[in-house]
There are 2 protein chains.
Amino acid sequence: MDSTNQYIQANKDRFLEELIELLKIPSVSADPAYDQEVAACAEVVKDAMEEAGVDHVEICPTAGHPIVYGEKIVDENLPTVLVYGHYDVQPADPLELWDSPPFDPVIKNEKIYARGAADDKGQMFMHVKAVEAMIATSALPCNVKFMIEGEEEVGSENLGIFVAENKEKLKADVILISDTSMLSNENPSITVGLRGLSYVEIELTGPNRDLHSGVYGGAVDNPINALSEMIAKMKDEHGHITVDGFYDDVEEVSKADREAMARAPFDIQSYKEHLGINATKVENGFSEMEGASIRPTLDVNGMWGGYTGEGAKTVLPSKAYAKISMRLVPNQDPEKITELFTEYVQKITPSTMSVKVTPHHGGQPAVTPTDSVAYQAASKAIETTYGKTPIPLRSGGSIPIVALFESELGLKSILLGFGLDSDAIHSPNESYGLFNFFKGIETIPHFFKNFAANS
Amino acid sequence: MDSTNQYIQANKDRFLEELIELLKIPSVSADPAYDQEVAACAEVVKDAMEEAGVDHVEICPTAGHPIVYGEKIVDENLPTVLVYGHYDVQPADPLELWDSPPFDPVIKNEKIYARGAADDKGQMFMHVKAVEAMIATSALPCNVKFMIEGEEEVGSENLGIFVAENKEKLKADVILISDTSMLSNENPSITVGLRGLSYVEIELTGPNRDLHSGVYGGAVDNPINALSEMIAKMKDEHGHITVDGFYDDVEEVSKADREAMARAPFDIQSYKEHLGINATKVENGFSEMEGASIRPTLDVNGMWGGYTGEGAKTVLPSKAYAKISMRLVPNQDPEKITELFTEYVQKITPSTMSVKVTPHHGGQPAVTPTDSVAYQAASKAIETTYGKTPIPLRSGGSIPIVALFESELGLKSILLGFGLDSDAIHSPNESYGLFNFFKGIETIPHFFKNFAANS
C-alpha cells in the first residue's frame, strides 16, 4: 500500500493538471451543438486509461454518445471490480451566473471550479489515477474493468442497450461508482439509497396563434394561466403530490431507519443561510433530510411561454411549456409514474386547451445493503483514510443505471462518492475540493485491497 | 370632394408603395436594439408629412423615442382636427411563426403582410395621404395638426410629458385616431370605449442559486411551482379576479347597452374555428364579446424560469418570472389597480420566497359619447363610403393616451379605425387589407368636411 500512496503523493500535481485538461472540454450531452466536444472528450478518457496501463481500451459507439471501455485482468481467478462513471456534463447555463467561464477551470480557495468538476469528471478521473497508481506499483490486487459513458445527464438510454448486449464482457463481482457526495469531510458518509426519476415535458396549446390580449383577453383562455393552474393542482396544501396513485408503491421507511437518519448532523439554520432562504418546504410529517431523500418529489425544472424579452408586450400566447421531473423512492416504477402523471395531466387539462406530454427519461430507485462484503470494504477504506466510520445515507439524487446494473448484470453498486453538497453540481460555479479529489484517489486502492481480500 | 377622391384614385399605387417602404423599417420601441431604426422611422414620417404639404414639420425629441409633429393652418377661425398615431411597432417574435419576414412586406390575397401593417403604420399613414389629397385639391376644410409618436407600444410615457408641456401648440377641437378595428367590412363600427391597462412584472426568488433537484428537491421550495400557485390564486373557479378590491370601481354597464351590444353580429362557431379552440373562457354571467370589452381581465403575457433549452436538466431553479397585464374598464384606475395587485402578490407570496413586483406601464379606460358633433361626423363619413351606419362598440384594447388627451387637453378622441380583428395585430403574420387602407383614405376627408360644417 505504501508504495501506491507514495506514487500518488509524488504525482499529485500531474493528476490535477490532467483533470484541468479534461474539464476544459464542454462535453454537454443534452445539446447537439456540443456533439463534437463530447466525442473529443471520449478520446481523452481513452488516452488517460491507456496511459494508466489499462488494456484493450476501446471507444464503443452507440446510437448516441460513445462509451469508453477498458480492462486490466490480473488473474481470471481473482474478483473483478467494474468501475462506472460518466464523462458528459450538464448544460452550463445560466452562464451569466458563473464567476469564471464553466469550461475554463480555475483553482480558488482549495477548490477547482468548472462544469463537471465534481459531476462526474473529477470523481470518475480519481479511479483512472488510482488504478494507474496500483498498476505502476504492482499493487492491483484484483481485476478491474472500466465503463465510462457519455449520456448519464440525458438518461443513459444507450448504456442500457450496451449493458444488455455485453453481459459477458462486463462480468464482474461488484460495480464501483463515485458520482455522489458525502455529508462533509468531517462526517464521511456512503450513499446506500438513490431516488428514481421520471422526467416529462408538457406542451399546452390554446389559440392557434399569439393573440392581442386586449382584443381577445376575457374571452379566450390563456395557456400560461392554464398551465399555472394545472401545476398548482399537482400538489395539495400539505405538499402531497395529487397525481392519482402516485404514492401507491412508495416504500415506507421504518421508524428505526428514520431515527438512524435523524442522527446525522444537520443544522437547519446554516442550511437555510447557505441557500439564502427564510423557510424550507417539506411534505407534512417529514424532516428536510427525509423530504430530500426518502420521499418522492415533483418539481418544475423549466417553464416558458409568451413574451419573455425586454419591456412589455401585451400578448395572449398560443402555447406554454413546462419541464417537470419527479424524484421517486424505492418500489416506485418510473414508467408507471410517467403514465399516471400523463393521465393526470390529461384529466386536469381544461377544455379550452389541447395538451401534449412527452416523457424525457426515467430511472429506477435503488438501495444498497450495508452488510455486504463490498459495502464493508468501502466503509473500512474510508475509515482508513478519513479516520472515521462513514454514515450510511439515502441520497435524493438519481443514478438510473444503478438499478439497470442490478436488473441486467445482477450486480450491486457501491456508491463511493467523495463530493459535497456545496459542490453546486448542475448549478453555476460547480466546484470540487482538491482535498476530496486527492482523498478519493488515496481511498480507492484501499477499497480494492479490502474487497479482494474478503471476496 | 370629387376632385379629392379622384386624386386618391389616381395615386393609389404610389400610396401603397410608400406604405411598403414605411413597413420595411423595424421600429420596435420595446427593444433598445432597434433604437436606430425607430429614429430612422421618425425621419420617414416627417418627410411624408412635408411631401403632403403639412407645415412646420418637426421631430420633437423626448427622453425616449421622438414625436413627429406638423400642422396645416388654413384659417385660425376654423376648427382644428388633431390627428394622433404611432410609428412604433410591437416586437415581431416568435419569428418562426411568420410565413414571410415581418419587415419585408408581402402583398397576398388583397392584404399587405408586415409587422405594423395595421397597428399602426398603415392606419396612421392613411391620414397623411388623406390630408395630402385634400391639400393637393384645395379641399382641406379646416385646420389639421399631426402628432405621431414612437412609444405607443411601450406606454407613451414621454408623450404624456410632451402633451403636458405643449398644450397651446396642441390646441384643437377634436382628436382623430385610427388605431382600432371594425366588426367587419360588411358591418362597419366605431369604437366608443376602450379598456385601460395595468402591466407588471413579477420576479420570484427562492434559493440563492440553481440547485440540483435531486439533492434539494423535497426540502427546498421551487420558485416556478410557487409562481404557478400564485398565478392560480389570481382567479377563482368562476373566472373572477381575486385581487382584493379589484372590482370596487368597475362600471356596471346598463342592461340597455348590453342588449345593444348583443345585437352586433357574432358567430361563436366561426370565432372558435378561426382561433382553433374547442371552448372559450369567459367570466361567469357574461358573453364572449362582453368578456373581451366591458369586463376587466388578468392575463400572463409571458413567463419563464429554470432550464428551457433542449433535452432534460434536473434543476431546481433560483428564480421564476412572469409578465402580467390587466385590462381595465371605465372607472378603474391603473395606478390603484397596480397597487392592489402588488399588495395581493406580496400577500400570496409564500414564506419560502422573496418577490419583486415592477410596474411596466398603464393606461386609463375611456368612453366616447355618440351624440357629439365629432362622432356624428365620423358616423356619416362611414355611411357615405361604406353605405351603412356604423355600430358604436366598446373595444377590449387599450389606447392609454385617449384618457390622457381628455385629462390634459380636455379633448375627446374619435376612434375612426379601419382595421379588422383578423389583422392579427401583435401576432405573427400581421396584415392590413388593401380595401381597408384605401377605404380609410377615402373616408377621412368626409370626416373633415362633416366636422368643419357642423362645428
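Note that this is a predicted model, so its numbers are computed, not measured.

**Concerning the overall build of chain A**
A count of helical and extended segments in chain A gives twelve helices and 20 strands. In terms of overall dimensions, chain A is globule-like: its C-alpha atoms have a radius of gyration of 23 Å, near the 23 Å expected for 455 residues. When the backbone C-alpha atoms are referred to their principal axes, chain A occupies close to 80 × 50 × 45 Å. Buried residues in chain A amount to 62% of all 455 residues. Total accessible area on chain A stands at roughly 16,300 Å², and carbon and sulfur atoms take up 48% of it.

**What to know about the relation of the copies chain B and chain A**
Its rotation angle being 180 degrees, the transformation that places chain B on chain A also includes 0.0 Å of axial translation and leaves an RMSD of 0.1 Å. These values place the two chain copies in the arrangement generated by a two-fold rotation axis. Looking at chain B, 100% of its interface residues are interface residues in chain A too, so the copies touch through the same face.

**Some remarks on the pairing of strand β7 (residues 174-177) of chain A**
All names here are of chain A. Residue alternation in β7 divides its side chains into two sets, Val174 and Leu176 and Ile175 and Ile177, and both sets are buried. Strand direction decides the pairing type here: strand β3 (residues 80-86) and β7, joined by four bridges, are parallel. Residue pairing for β7: Leu82 is matched across the bridge by Ile175. In terms of strand pairing, β7 meets strand β18 (residues 413-415) through three bridges, oriented parallel.

**Side note on the nonpolar core**
Generally speaking, nonpolar side chains in soluble globular proteins are found buried as a group. By size, the foremost hydrophobic cluster in this structure holds 65 residues, and its most contacted members are Phe447 and Phe448 of chain B. Sort the elements by how many residues they give to this core and helix α12 (residues 434-454) of chain B lands first, with nine residues. Among all residues touching Phe447 of chain B, those that are not within four sequence positions of it are Val81, Val174, Leu176, Ala374, Ala377, Ala378, Ala381, Ile414 and Leu416 of chain B. Within the second largest apolar cluster, 64 residues are counted, among which are Cys142, Ala374, Ile441 and Phe448 of chain A.

**Some remarks on the interface of chain B and chain A**
The partner chain A presents 87 residues to the 87 residues of chain B that form the contact. Summed over both sides, the interface between chain B and chain A buries roughly 7,300 Å², with carbon and sulfur atoms accounting for 51% of that surface. By the criterion of area lost to chain A, the three top residues of chain B are Lys281, Ala312 and Lys313 of chain B, representing 9% of everything that side buries. Remark: the boundary between chain B and chain A carries two salt bridges. Close ionic contact of Glu229 of chain B with Lys281 of chain A constitutes a salt bridge, the shortest N to O distance being 3.8 Å. Counting residues per element, the side of chain B that touches chain A draws most heavily on strand β12 (residues 299-306) of chain B, at eight residues. Here the side of chain B that touches chain A is built from residues that sort into 33 nonpolar, 34 polar and 20 charged. As defined by bridge partners, strand β12 (residues 299-306) of chain A adjoins β12 of chain B across five bridges and the pair is classed as antiparallel. Within the sheet, the bridge partner assigned to Met303 of chain A lies in β12 of chain B and is Gly305 of chain B.

**Describing the packing of helix α2 (residues 35-52) of chain A against helix α3 (residues 121-136) of chain A**
Residue and element names in this part refer to chain A. It is the contact of α2 with α3, at a shortest axis distance of 8 Å, that shows an interaxial angle of 20 degrees. Comparing their axes, α3 and α2 come out roughly parallel. Across the interface between the two elements, Cys41, Val45, Ala48, Met49 and Ala52 from α2 touch Lys121, Met124, Phe125, Val128, Glu132 and Ile135 from α3. A per-class count over the contact of α2 with α3 returns nine nonpolar, no polar and two charged.

**A word on the domain arrangement of chain A**
Residues and elements named next belong to chain A. When cut into domains, chain A gives domain 1 (3-194 + 365-454) and domain 2 (196-250 + 296-361). Taken residue by residue, the interface counts eleven residues in domain 1 and ten residues in domain 2. When domain 1 packs against domain 2, close to 660 Å² is buried across both sides, 60% of that on carbon and sulfur atoms. Interface area lost by domain 1 to domain 2 is led by Gly155, Pro365 and Ser398, which between them contribute 57%. Summed over the shared surface of domain 1 and domain 2, the result is zero salt bridges. Applying the counting criterion to the domain 1 and domain 2 interface returns zero residue pairs in polar contact (both at pLDDT 80 or more).

**A few points about the packing of helix α10 (residues 373-386) of chain A against helix α12 (residues 434-454) of chain A**
Residue and element names in this part refer to chain A. Running from N to C, α10 and α12 cross one another at 135 degrees; their axes reach a closest spacing of 8 Å. One element, α10, and the other, α12, form an angle in the oblique class. As α10 packs across α12, the resulting crossing turns out to be right-handed. Here α10 contributes Val373, Ala374, Ala377, Ala378, Lys380, Ala381, Ile382, Thr384, Thr385 and Tyr386 to the contact with α12, which in turn contributes Phe435, Lys439, Glu442, Thr443, His446, Phe447, Asn450, Phe451 and Asn454.

**Focus: the sheet that holds strand β10 (residues 196-205) of chain A**
Reading across from one edge, β15(A)-β10(A)-β14(A)-β12(A)-β12(B)-β14(B)-β10(B)-β15(B) is the order of the eight strands in this open sheet, with antiparallel pairing throughout. With one partner strand each, in any of the chains shown, β15 (354-363) of chain A together with β15 (354-363) of chain B form the two edges of the open sheet. Geometrically, the sheet is characterised by an average inter-axis angle of 15 degrees between neighbouring strands, direction not taken into account. Summarising the sheet, β10 of chain A and β15 of chain A pair through eight bridges and their orientation is antiparallel. Residue pairing for β15 of chain A: Ser198 of chain A is matched across the bridge by Gly362 of chain A. Packing against the sheet, helix α9 (residues 334-348) of chain A makes contact with β10, β14 (319-328) and β15 of chain A, and its axis sits at approximately 25 degrees to β10 of chain A. Along the sheet, helix α9 (residues 334-348) of chain B makes contact with β10 (196-205), β14 (319-328) and β15 of chain B, crossing β10 of chain B at roughly 25 degrees.

**What about unusual backbone geometry?**
Put simply, Asp119 of chain A and Asp120 of chain A share a cis peptide bond, and its omega is 0 degrees. In this structure, the amide linkage connecting Asp93 of chain B to the following residue, Pro94 of chain B, adopts the cis form with an omega of 0 degrees. Its identity is not glycine, yet Glu110 of chain A carries a phi of approximately 65 degrees, on the positive side. Relative to the assigned elements, Glu110 of chain A resides in the loop between β4 (106-108) and β5 (111-113). Residue Glu110 of chain A is classed as exposed on the basis of its relative accessible area, which comes to 58%.

**A short note on α12 of chain A**
The end-to-end C-alpha distance of α12 of chain A is 31 Å, a good match for the 30 Å that 21 residues give at a rise of 1.5 Å each. Taken across its 21 residues, α12 of chain A has 17 buried, putting it largely inside the fold.

**Notes on the pattern of salt bridges**
Residue and element names in this part refer to chain A. Enumeration over the complete set of coordinates arrives at 44 salt bridges over all chains. A salt bridge links Lys255 to Glu259, with the nearest nitrogen and oxygen atoms 2.9 Å apart. Remark: Glu259 and Lys255 occur in helix α6 (residues 255-262); sequence separation between them is four residues, near one turn of the helix. Classification of Glu259 by relative accessible area gives partly exposed; the value is 40%. Note that Glu406 and Lys412 form a salt bridge whose closest N and O atoms lie 2.8 Å from each other. One continuous salt-bridge network, built from bridges that share partners, spans Arg14, Glu18, Lys129 and Glu132.

Rules behind the numbers
- Residue indices begin from 1 for each chain and proceed along its sequence in written order.
- As a convention, the first chain written is A and the first ligand written is 1, with the rest following in written order.
- pLDDT decides what is reported in this predicted model: residues at 70 or higher carry local features, side-chain atom pairs at 80 or more are listed and counted, and totals for whole chains, interfaces and linings draw on all residues regardless.
- The basis for the side-chain values is all heavy atoms of the structure; hydrogens and waters are excluded.
- Secondary structure elements are defined from DSSP: runs of H or I of at least 4 residues count as helices, runs of E of at least 2 residues count as strands, and each element is numbered from the N terminus.
- It is over C-alpha atoms that the radius of gyration is taken, and the globule rule equals 2.2 Å times the number of residues to the power 0.38.
- Between buried and exposed lies partly exposed: a residue is buried under 20% and exposed over 50% of the maximum accessible area for its type, with that area taken using a 1.4 Å probe on protein chains only.
- Here, Shrake-Rupley sampling with a 1.4 Å probe gives the accessible areas, and only protein chains in the shown set may cover a residue.
- To superpose the copies, least squares is applied to the C-alpha atoms of every residue with a pLDDT of at least 70 in both.
- Any pair of residues with heavy atoms lying within 4.5 Å of one another is described as a contacting pair.
- Should DSSP find at least two bridges between two strands, the strands are regarded as paired.
- Among the buried residues, those of types Ala, Val, Leu, Ile, Met, Phe, Trp, Tyr and Cys that are joined through side-chain atoms within 4.5 Å form a nonpolar core.
- Here's the idea: put two parts together, see how much 1.4 Å probe accessible area each one loses, and the total over both is what we call buried area.
- Here, a salt bridge means any Lys or Arg side-chain nitrogen found within 4 Å of an Asp or Glu carboxyl oxygen.
- Gly is placed with the polar residues, together with every amino acid not listed as nonpolar (Ala, Val, Leu, Ile, Met, Phe, Trp, Tyr, Cys and Pro) or charged (Asp, Glu, Lys and Arg).
- Helix axes are fitted only over the stretch in contact, all axes being lines through C-alpha atoms; the angle between N-to-C directions runs from 0 to 180 degrees.
- Convention used here: angles under 35 degrees read as roughly parallel, angles over 145 as roughly antiparallel, angles from 65 to 115 as roughly perpendicular, and any remaining angle as oblique.
- Here the limits of each domain have been adopted from an automatic or database domain assignment.
- Definition of a polar contact: a pair of N or O atoms within 3.5 Å, with one able to donate and the other able to accept a hydrogen when the atoms are protein atoms, and with sequence-neighbouring residues admitted only if both atoms are side-chain atoms.
- In a left-handed crossing the near helix is turned counterclockwise from the far helix by less than a right angle, and in a right-handed crossing that turn is clockwise.
- Any helix carries an expected span of 1.5 Å times its number of residues minus one.

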